[in-house]
Amino acid sequence: MTQRTLAVLVVLNAILLAAIALTMSSPQPAQAQIGGGSYLMIAGSNAAVPQQQVIYILNQSNGKLGAILVNDANGRIDPIGARELSQDIQNAGPGRGGR
């Protein structure tokens, strides 16, 4: 093996090593939304307990509404519950707010 061939192989290995290091060090994209969707979040206060805040989360793609309670006093986040708004609207019917 000649001196020139050895130099080319060393440079090529250095380039490949740099490419691997660059690929491994770049951050992966966040996977925050499983399944995708369009969400609307609304914050409100709890009139009964001033230290607690309520966050309503609406999944606009399937009509599910969830609520979580944020307690400022102890830093806890507790789920309150969830509703199927599409079913609630269908069940309202004529004379009860439906059309």
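Please refer to the structure placed before this passage.
First things first, this report covers the structure right here in the doc. (Residues numbered from 1 in each chain as written. Predicted model: local features only at pLDDT ≥ 70, side-chain atom pairs only at ≥ 80, totals over all residues. Heavy atoms only, no water.)

**Some points on the overall build of the protein**
Phase 1 of the analysis: On a plain count of helices and strands, the protein comes out with two helices and four strands.
Phase 2 of the analysis: Along its sequence from the N terminus, the protein presents helices and strands in the succession α-β-β-β-β-α.
Phase 3 of the analysis: Residues counted as buried form 11% of the 99 residues belonging to the protein.
Phase 4 of the analysis: Here the contacts in the protein between residues at least 6 apart in sequence split such that 5% fall between residues at least 24 apart. (Helix = DSSP H or I, 4+ residues; strand = E, 2+ residues; numbered from the N terminus. Buried < 20%, exposed > 50% of the residue type's maximum accessible area, 1.4 Å probe, protein only. Contact = heavy atoms within 4.5 Å.)

**Points about the pairing of strand E2 (residues 52–59)**
Phase 1 of the analysis: Here strand E1 (residues 39–45) runs beside E2; their pairing, made up of seven bridges, is antiparallel. Along E2, the bridge assignment pairs Ala43 with Ile55.
Phase 2 of the analysis: Relative to strand E3 (residues 64–71), E2 is paired through eight bridges, and the arrangement is antiparallel. Note on E3: the bridge partner recorded for Asn59 is Lys64.
Phase 3 of the analysis: Where E2 folds back on E3, the antiparallel hairpin that results is connected by four residues, among which Gly63 adopts a positive phi of roughly 75°. (Pairing = 2+ DSSP bridges.)

**Thoughts on the sheet that holds strand E4 (residues 76–84)**
Phase 1 of the analysis: A sheet is described by the order of its strands in space; here four strands give the open sequence E1-E2-E3-E4, paired in antiparallel fashion. Every other strand in the sheet has two partners, leaving E1 and E4 as the edge strands with one partner each. In this sheet, neighbouring strand axes are inclined to one another by 20° on average, regardless of whether the strands run parallel or antiparallel.
Phase 2 of the analysis: Lying on the sheet, helix H2 (residues 85–92) is in contact with E2, E3 and E4; it crosses E4 at an angle near 40°. (Axes fitted to C-alpha atoms, helices over the stretch in contact; angles between N-to-C directions.)

Read these as geometric descriptors, not functional statements.
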